[in-house]
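A closer look at the structure
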Amino acid sequence: DTINYDEVYQTWIKEKQLWNKDSGRMYAHNIISFHKDEKVSPAEVLKIGITFSEKFFPKHQYVVSVHQDKDHLHCHIVTNSVSYIDGSKLHQTKRDLERQKRFTNSLCCEHGLTVAEKGRHFDGTAMEQGEVTAWSKDKYNLFLNDSKKSYVLDCAIAVLEVVPQSKSREE
C-alpha cells in the first residue's frame with residue numbers, strides 16, 4: 001500500500017546486480033509541471049505521469065509521485081536505468097527528449113490543459129524583450145538577490161547586455 005525510498009532503492013539495486021549493471025547512471029528523472037493557475041487535479045497529474053511512463057519506459061521500473069509542496073502541481077518520474085525485462089540500459093538522446101516533450105504536450109491537449117509556448121507567459125501574453133526567465137528556482141533566485149555574486153549571475157548579466165546588439169544566435 002505504501003512505497004518508501006529504501007524499498008525502491010533496494011529493489012532497483014537487486015535488479016541492477018542481477019544484470020551486472022550496478023554502476024554508471026542509476027536512474028532517469030523527469031518532471032512534468034503545471035502552472036499554478038492551471039485547472040488540473042492531483043489525480044489528472046498522476047494519470048498523465050503514468051501514461052508518460054508507460055509510453056517511454058515500458059521495460060523499466062518507475063515511480064510516479066505527485067507533489068503539492070509548491071504553488072503548482074507537478075509530478076516526478078524516477079526510472080530505473082536497467083530494464084527488468086532484458087537488462088538493457090536506458091539511454092535518452094536529445095531526439096528522445098524532444099519526442100517526450102511532444103507527447104507530453106499532446107497529453108495536456110487531450111486533458112484540455114495549457115501547452116507552454118516559447119516566448120509567451122501562461123496566459124498567452126508575449127514576454128517582453130530582455131525579460132529573464134529561468135527554469136531553475138535556485139538560479140532565478142540568484143538573479144533576484146544581488147548580494148550573492150556568482151558565475152551564473154555574471155554570465156546571465158553578460159548575455160543580457162549583448163543580446164540587443166546581436167544579429168544571430170551564434171553572434
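Everything here concerns the structure above.
Residue indices follow the written sequence of each chain, beginning from 1 at its first position. Local features are withheld for residues below a pLDDT of 70 in this predicted model, meaning they are given only at 70 or higher, and side-chain atom pairs are given and counted only at 80 or more; totals for whole chains, interfaces and linings count all residues. Side-chain figures throughout are based on the complete set of non-hydrogen atoms in the structure, without hydrogens or water.

1. Digging into the side chain of asparagine 30
How we decide: Here a strand is any run of E in DSSP of at least two residues, a helix any run of H or I of at least four, and the numbering for each starts at the N terminus. A simple rule labels every residue: compare its accessible area, found with a 1.4 Å probe on the protein chains alone, to the largest value its type can have, and call it buried under 20%, exposed over 50%, or partly exposed in between. Any pair of N or O atoms that falls within 3.5 Å is considered a polar contact. Within protein, one atom must be able to donate a hydrogen and the other to accept it, and sequence-neighbouring residues count only if both atoms are side-chain atoms. Contacts: residue pairs with any heavy atoms within 4.5 Å of one another.
Locating asparagine 30 in the fold gives a position in strand β1 (residues 27-33). For asparagine 30, a relative accessible area of 11% puts it in the buried group. Of the polar contacts made by the side chain of asparagine 30, one reaches the side chain of glutamine 100; its length is 3.4 Å. Every residue in contact with asparagine 30, bar those within four places of it in the chain, is listed here: Phe52, Phe57, Cys75, His76, Ile77, Gln92 and Gln100.

2. A look at the packing of helix α2 (residues 42-56) against helix α3 (residues 94-110)
For clarity, the cut-off: What counts as an axis is a line fitted to C-alpha atoms, over the stretch in contact for a helix, and the angles between N-to-C directions run from 0 to 180 degrees. For a crossing to be left-handed, the near helix must be turned anticlockwise from the far one by less than a right angle; the clockwise case is right-handed.
Between α2 and α3, whose axes approach to 11 Å, the crossing angle comes to 140 degrees. Once α2 is placed against α3, the crossing between them reads as right-handed. Together, Ile48, Thr51, Phe52, Lys55 and Phe56 of α2 and Arg99, Gln100, Phe103, Thr104 and Leu107 of α3 make up the contact between the two elements.

3. Remarks on the environment of histidine 111
Note on placement: histidine 111 falls in the loop between α3 and α4 (137-144). For the pair histidine 111 and isoleucine 48, spaced 63 residues apart in the sequence, the C-alpha separation amounts to 8.9 Å. Once residues within four sequence positions are removed from consideration, histidine 111 is found in contact with Glu44, Lys47 and Ile48.

4. Concerning the side chain of serine 83
You can see serine 83 is positioned in the loop between β3 (74-80) and α3. Within polar-contact distance, the side chain of serine 83 engages the backbone oxygen of lysine 59 at 2.9 Å. At 3.1 Å, the side chain of serine 83 forms a polar contact with the side chain of aspartate 86. Ignoring anything within four residues of it in the chain, the contact list for serine 83 reads Glu15, Trp19, Lys59, His60 and Ser88.

5. A word on the pairing of strand β2 (residues 62-67)
A regular strand places its side chains so that they alternate between the two faces of the sheet. Filter applied, for reference: Being paired, for any two strands, means DSSP has found at least two bridges between them.
Sheet topology places β2 next to β3; 6 bridges connect them, and they run antiparallel. The partner of valine 63 across the bridge, within β3, is valine 78. Taken together, β2 and the strand that follows it, β3, pair antiparallel across an intervening segment of 6 residues.

6. A word on the sheet that holds β3
Read across the sheet, 3 strands follow the order β1-β3-β2 without closing on themselves; strand pairing throughout is antiparallel. Each edge of the open sheet is held by one strand with a lone partner, namely β1 and β2. On average, each strand axis in the sheet is tilted by 15 degrees relative to the strand beside it, whichever way the strands run. Two elements, β1 and β3, share 7 bridges in a ladder whose sense is antiparallel.

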